[in-house]
Amino acid sequence: MNDDIVKCKFCKNDIKKNIAYKVGKTSYYCDELCYQRKKEQQNKQKNKYKPKDNTDRLECIDYIQQIYINEGYDKSEINWKLITAILKNLLEDNMCYSGIIYTLWYCKEVINIDLFDDKSNTILWCVPFEYKNAQLYWEECQSVIESVDNFDFNEEVKIIKNTNHKKEKHKPINMEDI
């Protein structure tokens, strides 16, 4: 029967299911030694990973991490699996890392949304709802900056003379007469 044969995840040899070393629901190895070798191989691959400096993704991850740390969370308490899954979905919805960073800043600093709402599992909950508003806010700010940059400040000093020198004379009031 074909169902009784499984492949070792490390060495790729075919082995009988009933004698295979099983880890989890669907992972089979020839023996515990193959399993240990696979774990060592995975650990080496993890240690080899070095993120590229100054990428939009790294900047976004660092910004999210800084928000959590400023709120009193430890790095190990951050649910990175959930955050990266949500980031992937946001990117698939035509959002970009810099837009996500700006939206988080906009929610936190401009409209004062509590990013750590009890109902959500991550601070990214507001991004799909506020992304367009943050984009409009950014465009308005850029328009104001451009207007100020293009404004022609005239250095000419104008002196305006006050020609109304009419002084009204008041009669002194004597308090004893009252």
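So, here is what we can say about the structure in this document.

Definitions and limits used
- Residues numbered from 1 in each chain as written.
- Predicted model: local features only at pLDDT ≥ 70, side-chain atom pairs only at ≥ 80, totals over all residues.
- Heavy atoms only, no water.
- Phe/Tyr/Trp six-rings, centres within 6.5 Å; stacked < 30°, edge-to-face > 60°.
- Helix = DSSP H or I, 4+ residues; strand = E, 2+ residues; numbered from the N terminus.
- Buried < 20%, exposed > 50% of the residue type's maximum accessible area, 1.4 Å probe, protein only.
- Salt bridge = Lys/Arg side-chain N within 4 Å of Asp/Glu carboxyl O.
- Contact = heavy atoms within 4.5 Å.
- Expected span 1.5 Å × (residues − 1).
- Polar contact = N/O pair within 3.5 Å; in protein donor to acceptor, adjacent residues only side chain to side chain.
- Core = buried A, V, L, I, M, F, W, Y, C linked by side-chain atoms within 4.5 Å.

**Some remarks on the packing of aromatic side chains**
Applying the stated criterion across every chain yields a total of eight aromatic pairs. Geometrically, the ring pair formed by Tyr21 and Tyr35 is tilted, given 5.8 Å between the ring centres and 50° between the ring planes. Highlighted residues: Tyr21 in strand 3 (residues 21-23) and Tyr35 in helix 1 (residues 32-48), separated in sequence by 14 residues. Its relative accessible area of 29% is what places Tyr21 among the partly exposed residues. Residue Tyr35 is classed as buried on the basis of its relative accessible area, which comes to 18%. Grouping aromatic residues by their ring pairs yields a cluster made of Tyr102, Trp105, Tyr106 and Tyr137.

**Section: the pattern of salt bridges**
Pairing between side chains of opposite charge can happen when the charged atoms of each approach one another. In total, this model carries two salt bridges according to the counting rule given. The partner of Lys108 in a salt bridge is Glu109, and the shortest N-O contact between them spans 3.9 Å. On the basis of relative accessible area, Lys108 is assigned to the partly exposed category, the value being 31%. For Glu109, a relative accessible area of 44% puts it in the partly exposed group.

**Points about the environment of Ile123**
Within the element layout of this structure, Ile123 appears in the loop between helix 4 (97-110) and helix 5 (127-150). The exposure class of Ile123 is buried, given its relative accessible area of 0%. Apart from the residues lying within four places of it in its own chain, the contact partners of Ile123 are Ile64, Ile67, Tyr68, Leu104, Leu115 and Phe116.

**Brief notes about helix 4**
Helix length check: helix 4 (14 residues) gives 19 Å between terminal C-alpha atoms against 20 Å at 1.5 Å per residue, within 8%. Of all the residues in helix 4, the buried ones are Tyr97, Gly99, Ile100, Ile101, Thr103, Leu104, Tyr106 and Cys107. Taken together, the buried residues of helix 4 touch helix 2 (56-70), helix 3 (80-92) and helix 5. With its phi angle positive at about 55°, Asn112 sits one or two positions after the end of helix 4.

**Some points on the side chain of Thr103**
Tracing the chain through its elements places Thr103 in helix 4. When its relative accessible area of 1% is taken as the criterion, Thr103 is described as buried. A polar side-chain atom of Thr103 sits 2.7 Å from the main-chain carbonyl oxygen of Gly99. Setting aside chain neighbours within four positions, we find Thr103 in contact with Val127, Glu130, Tyr131 and Ala134.

**Looking at the nonpolar core**
Core analysis: the biggest nonpolar cluster contains 24 residues, and Ile64, Leu87, Ile100 and Leu104 have the highest contact counts within it. For this core, the leading source of residues is helix 4, giving six residues. Apart from the residues lying within four places of it in its own chain, the contact partners of Ile100 are Cys60, Leu87, Leu90, Met95, Leu124, Val127 and Tyr131. Core analysis: the next-biggest nonpolar cluster, separate from the first, contains eight residues, Cys8, Ile15, Ala20 and Tyr29 among them.

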